[in-house]
Amino acid sequence: MKTTRRGFLGASVTAAAAPAVPAAEAAPDGAAIARRHRIVREGATPNFFEGMLLGNGDIGVAVTVRPDALGLHIGKEDSWDIRVSEDHYPHVVTFRELLKMWERAGEEARRQGKPEMLFLESSLDWFREYTDKVQSSYRKSWPRPWPCGIVWIHWDSRKVRVVRQELDLSTGMLTILLEEDDLDGKLRPVEVRCLVNWDAGHIAVAADVAAPFVSVAYYPNLDEAAQLPPPEISAQAGAAEAGFSCYQHFPATPPSPAVPEPPRSQDDRNFALCGRLSGDWSAEAQAPRRVFLRSRAAQPFRLDLTLYTPRDHPDNVAHAARELDRLSAVPFGRLAGGTARRWREFWSRSAVDFADRELERIWYHNQYWLACCLREGKVAPGLFGNWTSGRIGTAWHGDYHMNYNTQQVFWGVFSSNHVDQHLPYVELCENLLPLSEAYAREKFEMPGAFFPHSAYPVPSKTIPYPAPPWGYEICETPWTVQSLWWHYLYTLDRDFLERAYPLLRAASRFLAAYVKKGDDGKYHIIPSVSPENWGFTVDFRLNKDCIIDLALSEFVLKATAEAAGILDQDAAERAVWAEIGRNMAAYPKAAGPHGEVWLDIVGAPTEYVYNVPVTLAPVFPGEQVGIGVGEEQLGIARRTARTVRLEGGNDLVYQPLIRARLGMLDLEWFKREVRYCRLPNGVAQDRCRQIDGRYRDTTDFDFMMRMGIWTENLSLPAVLNECMLQSYSGVLRLFPNTRRLGRASFRDLRAVGAFLVSAAWDGKSVSPVTLLSEKGAPVRLAVPWGKAGARVIRLRDHAPVKASLEAGILRFPTHAGERYRVEPGVS
């Protein structure tokens, strides 16, 4: 139907004048831009932390290149030594008894004339003895990620020079250019290509020309101290092909003095790896610690490896062999094409385009690495993901730390429109629920669930680290379930909400039982433990109303009440949750050298050096203060952000994300921070920044840089997303943080309300905005054109859509599946 002038004007929200607005740009092509940011290295890179990283969300490969060989360091998300010792649990006292111990410790500290003693749990001998006892199981070497071994492809370094390595993020292909010298003056290039198959547990390496490779060796991971059954390896060789295999058994039962070699059980796990080399090879006498195959002639090279666990297939050993037969018969080019198509699909979900190529590189590199270690249907990555070799990737058991490390991995998956990447975390939470409910019931004597400080992706019956003080951080319970509510907000998927609701309810039941209503009518969290700061103190001196406990508890209680209303469940309880959420205690604060700032806990000093920006919890992750939210507290929030002291090593994503939420992130500063923490292969690690907190002049500031690949920092794209689009409040805000951003555009970033949004910034103003409504929710958009109005057009037929504008917020209805364009109005 033809649109009349009256109808057009009725659907437009107008103002006196509209500013100059850039025309809508062509949508960024994610795959093309990813290709622009290929990772290129000249020469050899022999160290694990220089190596190129490959993966398919399950299998991870760190490719190192020595002057004499190419190495494949192979890991897998569910390749774990699954033994869990739980003999600490009978020693764990109830919370009621722990409070009595705490009181006794305070009395003893006062008798010693030390009423300001910190960390009572480790400062007094008898209390330290208890703490050590309940930590005893965690101090064992198991469970831990178990590397799947290393393959070395050797050449004669007299004849071969490593020229260049190039990793194409758009296809997942690593190409290594070698130069062969026959020592008689003749040179020729040799190109070697490596990939991890997106659609199978499969790694392939190929060179189409006669390759100068003299031998191939496979080394299974060996660690006698681990007391695991030795790997079972074998090799076969012939004129047409050669093969090898490794079977590693993982007992579920840990050894004990009485039973040093426990019998096998149905709960045991394993991995099966099979390898095949095309061509003429001979096998050397098999050693117990390696497979060694020698090439009989210069020949085209093709290596295929398959790797499976019982999670992939009930008979994974036979399946690995069958898949090897199938996949090794597929031409390498066809394999590469299939995986490239999958990567193109991945990059099609969203894209960004920055004039600042360094910012752009940060976004694309980290999206790539995250996809390498995170995938729907697979195990959620622990601290170091699926890139392991020897002891690399096993610090702190390589486990899940639930006081930010684990959650941070997923901070950008919603806005980047990769919601499916959140599902492994959902599975983790569901697996933790039974033991968390048992702990709340048995130890806290409270309803609901108390989620653990540390957790493993292996069968567990008890909380592995119930030790004071970290085992009593209340914030970890709401933090564990927070992203389940985000998942719903960003998708409006009711089926998912029904799945997630039992977890939200369990956390809220515990929180509602734990909080105490004070004489001020507010709900307090006492005792409260600030994450990794003060420990237990005398008379709860530094254990009252930790700011992150307050902020996250408020978030989850309100979210659960809303979820219960949507699902029409638990009417009486949801009223209680909502009432508590509305009346949490005030955030602790004090006057510091630069003015009033938030504190981590009541009574804390203002100039303390923290490991994470805990004092800014009301901004994030609490989401109670920000642009358009709790703005009466924006002043103290921004002052706290400007003056907070952080030791480094745990805040590379966390701190700038908060600054972006406050509209005060300097992108040049952000780039400097990322550069400071970057490895030679481009990955940003945890690196110390300053002393006076937990660190001293004698501290090795790089001590965390060599532990493994810190998956938490792969969420760096979340920072840039928040600079371009914020929607957590329910209002879409375009380019809320442009300080030294430069020209930028994005396509299909996901917003709360199940919207996919695209827009551009030319350095001065925002372009017209396009938006896909997946579920037909109403839009609330902060108009980015100053006092100008805005009009809305449905793109299917260019029909105007009636909208209203109030206090700078544009409101209009949508229909599921429709696309809309929002642009400045006319006078």
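Residues numbered from 1 in each chain as written. Predicted model: local features only at pLDDT ≥ 70, side-chain atom pairs only at ≥ 80, totals over all residues. Heavy atoms only, no water.

A. Structural view of the pattern of salt bridges. In this structure the tally under the stated criterion is 65 salt bridges. Ionic pairing is found between Asp-312 and Lys-76, a salt bridge with its closest N-O pair at 2.8 Å. Note that Asp-312 is positioned in the loop between strand 19 (299–308) and helix 6 (316–328) and Lys-76 in strand 5 (residues 69–76), a separation of 236 residues in sequence. Asp-312 sits in the partly exposed class, given a relative accessible area of 26%. Glu-430 is the partner of Arg-499 in a salt bridge, and the nearest nitrogen-oxygen pair spans 2.7 Å. (Salt bridge = Lys/Arg side-chain N within 4 Å of Asp/Glu carboxyl O. Helix = DSSP H or I, 4+ residues; strand = E, 2+ residues; numbered from the N terminus. Buried < 20%, exposed > 50% of the residue type's maximum accessible area, 1.4 Å probe, protein only.)

B. Region of interest: the packing of aromatic side chains. The final tally for this structure, using the stated rule, is 52 aromatic pairs. Consider the rings of Trp-198 and Phe-346, whose centres lie 6.5 Å apart with planes at 50°: the pair is tilted. Of this pair, Trp-198 sits in the loop between strand 11 (187–196) and strand 12 (202–211) while Phe-346 sits in helix 7 (residues 332–347), placing them 148 residues apart in sequence. Across the pair, Phe-346 and Trp-198 agree in class, each one buried. (Phe/Tyr/Trp six-rings, centres within 6.5 Å; stacked < 30°, edge-to-face > 60°.)

C. Examining the nonpolar core more closely. Membership of the largest hydrophobic core comes to 255 residues, with the highest contact counts inside it found for Leu-72, Phe-301 and Phe-670. Of the residues forming this core, the biggest block, 13 residues, is contributed by helix 13 (residues 547–567). Setting aside chain neighbours within four positions, we find Phe-670 in contact with Leu-359, Ile-362, Leu-652, Pro-656, Leu-665, Leu-716, Val-719 and Leu-720. Residues Met-173, Leu-195, Ala-206 and Leu-324 belong to the second largest nonpolar core, which totals 15 residues. (Core = buried A, V, L, I, M, F, W, Y, C linked by side-chain atoms within 4.5 Å. Contact = heavy atoms within 4.5 Å.)

D. Broad picture of unusual backbone geometry. A cis amide bond links Pro-468 with the next residue in sequence, Pro-469, at an omega value of 0°. The residue after Phe-620, namely Pro-621, is reached through a cis peptide bond having omega 10°. Of note, Pro-621 is situated in the loop between strand 27 (609–610) and helix 15 (634–643). We note that Gln-227 has phi near 60°; this positive angle belongs to a residue other than glycine. In this structure, Gln-227 sits in the loop between strand 13 (213–219) and strand 14 (232–237). Residue Gln-227 is classed as partly exposed on the basis of its relative accessible area of 46%. A positive phi is found at Asp-748, a non-glycine position, where the angle reads about 60°. By the element assignment, Asp-748 lies in strand 31 (residues 744–751).

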